[in-house]
Amino acid sequence: MAKNTATLTDNETGESIELNILHPTQGPKAIDVSQLYKKTGLLTYDPGFMSTASCWSDITYLDGDQGLLEYRGYSIDQLAEKGSFMETCYLLLNGELPNKEELDSFINLVTYHTMLHEQMKRFYSGFRRDAHPMATMVGVVGALSAFYHEYMDIADEKDRYDAAILLIAKMPTIAAWSYRYANGTPFVYPNNNLSYAENFLHMMFSLPSEKYIASPIMVRALEVILITHADHEQNASTSTVRLAGSSEANPFAAIAAGIASLWGPAHGGANEAAVKMLIEISKSKEDVDYFIEKAKDKTNNFRLMGFGHRVYKSYDPRAKIIRDLCHQIIDGGLAKEEHKELLDIAMTLEKVALEDEYFVKRKLYPNVDFYSGIIFLSMGIPLNMFTVMFAMARTIGWISHWHEMMGDNKTRISRPRQLYTGKSHRDYVPLAKR
Ligand code: ACO
């Protein structure tokens with residue numbers, strides 16, 4: 001087969017250049033512009049990376065038009081229905097599903113690294129009581145780099161794998177403690193007899209005076225939430241982790257950068273924003289139509305939170321799984337009346353939006369964050385912890401991408417260019433003459 005190329009011609013100079021077209025195993029082909037500047041002095045311009053593939057990756061594939069999401073080739077529906085979060089972590093990190101022995105040893109490894117260094121407890125008391133738990137997460141996860149730096153060689157694959165295990169293992173402890181600190185209740189140590197999801201709920205809700213017994217439906221719901229949020233290829237936070245890591249920075253610091261990126265309401269912060277919006281609607285005298293009109297009004301910056309996605313132009317497959325989970329929790333009698341009401345509002349909003357020309361034309365559908373908050377509320381997780389839950393789940397995705405990138409000899413420091421619009425050279429004017 002002839003080499004697939006595209007020709008770029010500068011109409012001003014008449015000069016042309018042949019650019020290779022790259023073929024991934026699935027998904028859109030890409031024009032290789034990596035040598036463009038060297039050969040022509042031209043840059044490419046793509047704010048928001050609307051048309052840019054930043055790397056090759058074997059980890060996650062998603063087809064936004066078909067609403068398809070696969071981790072290492074396995075569909076999210078099958079993993080959420082039949083798999084466990086630990087299997088998913090193993091799969092994302094290692095590339096294959098584990099056999100029984102591999103899974104047991106992986107679980108053992110994670111379970112025996114869940115404790116935090118006792119000194120780390122002191123970091124928490126440096127934060128204000130009312131600090132947002134995501135702020136605490138950025139700080140405490142970043143601080144892990146102070147504990148694991150000197151003896152970690154990021155050029156060594158084994159050290160990199162160990163860093164991944166430490167992060168997966170410690171994230172629930174860090175997350176639960178960020179809640180306990182704000183809540184004013186004592187930190188609860190991990191319990192090695194519990195599963196990953198159960199252990200997190202234990203650290204969130206057990207008290208010295210009363211042990212928390214998690215309902216099996218809630219444990220499974222959390223497991224599914226963790227699986228469905230585990231990875232999503234080159235989203236903003238994962239790209240941030242890759243960008244920070246590309247300078248060979250400490251992996252814990254790179255993950256802290258990812259947490260910061262996830263926090264925003266246009267990304268992982270949307271789960272908190274979506275539930276706040278549903279609560280606002282439930283308390284308002286206005287009906288759902290009013291809020292739909294408000295979301296369409298370009299003079300108003302209100303958006304339907306948990307709706308729309310850069311890549312999905314059909315129903316987000318994760319939203320479907322989580323919506324069904326919401327129904328199971330409500331049907332299982334595990335949700336309070338006010339949470340049922342929020343689900344009703346969400347369902348009505350979805351129905352009205354999906355029939356409205358504005359949303360249809362722009363292919364705006366519920367995303368992963370639209371329904372997850374209702375499950376979190378039913379679990380007793382407070383609003384400001386929602387994005388922390390997302391961060392806990394996404395840690396495996398971030399660290400798998402970091403691991404892949406660091407092992408790829410094509411990796412170079414990420415260094416975009418710009419189109420400068422500032423002043424041309426001018427001479428310094430002494431203060432007295434300004
Ligand atoms: N409500 C109302 N209008 C919307 C919404 C929304 N939620 N989302 C997009 N639009 C409109 C935009 O106003 C724009 O309209 P226009 O073409 O008339 O200007 C059009 O749809 C395209 O939207 P963009 O913002 O250009 O799309 P982009 O890909 O840049 O943004 C994003 C995607 C950030 C997710 C956006 O849909 C949004 O802000 N949604 C709400 C926040 C949210 O739920 N974020 C979570 C995403 S999932 C995740 O990160 C885990």
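Residues numbered from 1 in each chain as written. Predicted model: local features only at pLDDT ≥ 70, side-chain atom pairs only at ≥ 80, totals over all residues. Heavy atoms only, no water.

A. Quick look at the overall build of the protein chain. Looking only at helices and strands, one finds 18 helices and 6 strands in the protein chain. Viewed in the frame of its principal axes, the protein chain has a C-alpha envelope of about 75 × 70 × 60 Å. Expressed as a percentage of its 434 residues, the buried residues of the protein chain come to 48%. Taking as baseline every contact in the protein chain between residues at least 6 positions apart, the subset at least 24 positions apart corresponds to 71%. Per element, the accessible surface of the protein chain, about 22,800 Å² overall, is 51% carbon and sulfur. (Helix = DSSP H or I, 4+ residues; strand = E, 2+ residues; numbered from the N terminus. Buried < 20%, exposed > 50% of the residue type's maximum accessible area, 1.4 Å probe, protein only. Contact = heavy atoms within 4.5 Å. Areas by Shrake-Rupley, 256 points an atom, 1.4 Å probe, with all protein chains shown as cover.)

B. Expanded view of the side chain of Arg323. Tracing the backbone through its elements, the reader meets Arg323 in helix H14 (residues 317–331). A distance of 3.0 Å separates a polar atom in the side chain of Arg323 from a polar atom in the side chain of Tyr315. Contact partners of Arg323, with chain neighbours within four places excluded, come to Tyr315, Met347, Glu350 and Tyr371. (Polar contact = N/O pair within 3.5 Å; in protein donor to acceptor, adjacent residues only side chain to side chain.)

C. View of the pairing of strand S2 (residues 16–22). Alternating positions in S2 separate cleanly, Ile17, Leu19 and Ile21 being buried on one face and Ser16, Glu18, Asn20 and Leu22 remaining unburied on the opposite face. Here strand S1 (residues 5–9) folds back onto S2 in antiparallel fashion, the turn holding 6 residues, of which Gly14 has a positive phi close to 80°. Relative to strand S3 (residues 30–31), S2 runs antiparallel, the two sharing 2 bridges. Residue pairing for S3: Leu22 is matched across the bridge by Ala30. (Pairing = 2+ DSSP bridges.)

D. Representation of unusual backbone geometry within the structure. Not every positive phi belongs to a glycine, and Phe49 is a case in point at roughly 50°. Within the element layout of this structure, Phe49 appears in the loop between helix H1 (36–40) and strand S4 (60–63). Classification of Phe49 by relative accessible area gives exposed; the value is 56%. Of note in the backbone geometry, Glu248 takes a positive phi value of approximately 70° without being a glycine. By the element assignment, Glu248 lies in the loop between helix H10 (236–245) and helix H11 (251–262).

E. View of the site of the ligand. Within the structure, the ligand sits among 21 residues, and Lys298, Arg303, Leu304, Gly306 and Arg310 are positioned closest to it. One of the backbone N or O atoms of Leu304 is found 2.7 Å from a nitrogen atom in the ligand. Within the backbone of Phe307, one N or O atom sits 2.9 Å away from a nitrogen atom of the ligand. Across the complex, the protein chains shield 75% of the 920 Å² of accessible surface that the ligand would expose by itself. Tallied by class, residues from the shell around the ligand come to 11 nonpolar, 5 polar and 5 charged. (Near = heavy atom within 4 Å. Nonpolar A, V, L, I, M, F, W, Y, C, P; charged D, E, K, R; others polar.)

F. View of the packing of aromatic side chains. Taken as a whole and assessed by the stated rule, the structure comprises 18 aromatic pairs. When the centroid spacing of 5.0 Å and the interplanar angle of 80° are considered together, the rings of Phe370 and Tyr371 count as edge-to-face. Chaining the aromatic ring pairs together yields one cluster made of Phe307, Tyr358, Phe359, Phe370 and Tyr371. Above the ring of Tyr181, the side-chain terminus of Arg129 is found at 4.5 Å from the ring centroid. (Phe/Tyr/Trp six-rings, centres within 6.5 Å; stacked < 30°, edge-to-face > 60°. Lys NZ or Arg CZ within 6 Å of the ring centre and 35° of its normal.)

G. Examining the pattern of salt bridges more closely. In this structure the tally under the stated criterion is 14 salt bridges. A salt bridge links Lys100 to Asp104; its shortest N-O distance comes to 2.6 Å. In this pair, Lys100 and Asp104 are both assigned in helix H4 (residues 100–111), 4 residues apart and thus about one turn of the helix distant. Of the charged contacts in the structure, one is a salt bridge between Arg318 and Asp316, with a shortest N-O distance of 2.8 Å. In this structure, Arg318 and Asp316 share a single accessibility class: buried. Through salt bridges with shared partners, a single network forms among Glu293, Lys296 and Asp356. (Salt bridge = Lys/Arg side-chain N within 4 Å of Asp/Glu carboxyl O.)

H. Representation of a nonpolar patch on the surface in the model. On the surface, Tyr37, Leu43, Tyr45 and Leu419 cluster together into a nonpolar patch covering about 460 Å² of accessible area. As for its placement among the helices and strands, Leu43 is situated in the loop between H1 and S4. Judged by its relative accessible area of 35%, Leu43 is partly exposed. (Patch = residues over 30% accessible without salt bridge, like charges linked within 9 Å, V, L, I, M, F, W, Y side chains within 5 Å.)

I. A look at the sheet that holds strand S5 (residues 68–71). Strand order across the open sheet formed by 3 strands is S4-S5-S6, with antiparallel pairing between neighbours. Of all the strands in the sheet, the pair left with one neighbour each is S4 and strand S6 (74–75). Here S5 runs beside S6; their pairing, made up of 2 bridges, is antiparallel. Across the sheet, Glu70 pairs through a bridge with Ser75, a residue of S6.

J. Local environment of the sheet that holds S3. Taken in spatial order, the 3 strands make up an open sheet running S1-S2-S3, and their pairing is antiparallel. The open sheet terminates on both sides in strands that have one partner only, identified here as S1 and S3. Where S1 lies against S2, 5 bridges are found, and the strand directions are antiparallel. Bridge pairing in S2 links Thr5 to Asn20.

K. Highlighting a positive patch on the surface. Taken together, the side chains of Lys3, Lys38, Lys39 and Arg412 present a region of like positive charge at the surface. With respect to the helices and strands, the residue Lys3 is situated in the segment before S1. (Lys, Arg positive; Asp, Glu negative; His and termini not counted. Charge placed at Lys NZ, Arg CZ, Asp CG, Glu CD.)

L. Summary view of the nonpolar core. If you look at the biggest cluster of nonpolar residues, it comprises 127 residues, and the most contacted ones within it are Phe106, Phe200, Leu304 and Ile381. In terms of residue count, helix H7 (residues 157–183) provides more of this core than any other element does, 15 residues in total. If near-sequence neighbours (up to four positions away) are discounted, Ile381 is found in contact with Phe200, Met204, Phe205, Phe376, Phe386 and Met389. (Core = buried A, V, L, I, M, F, W, Y, C linked by side-chain atoms within 4.5 Å.)

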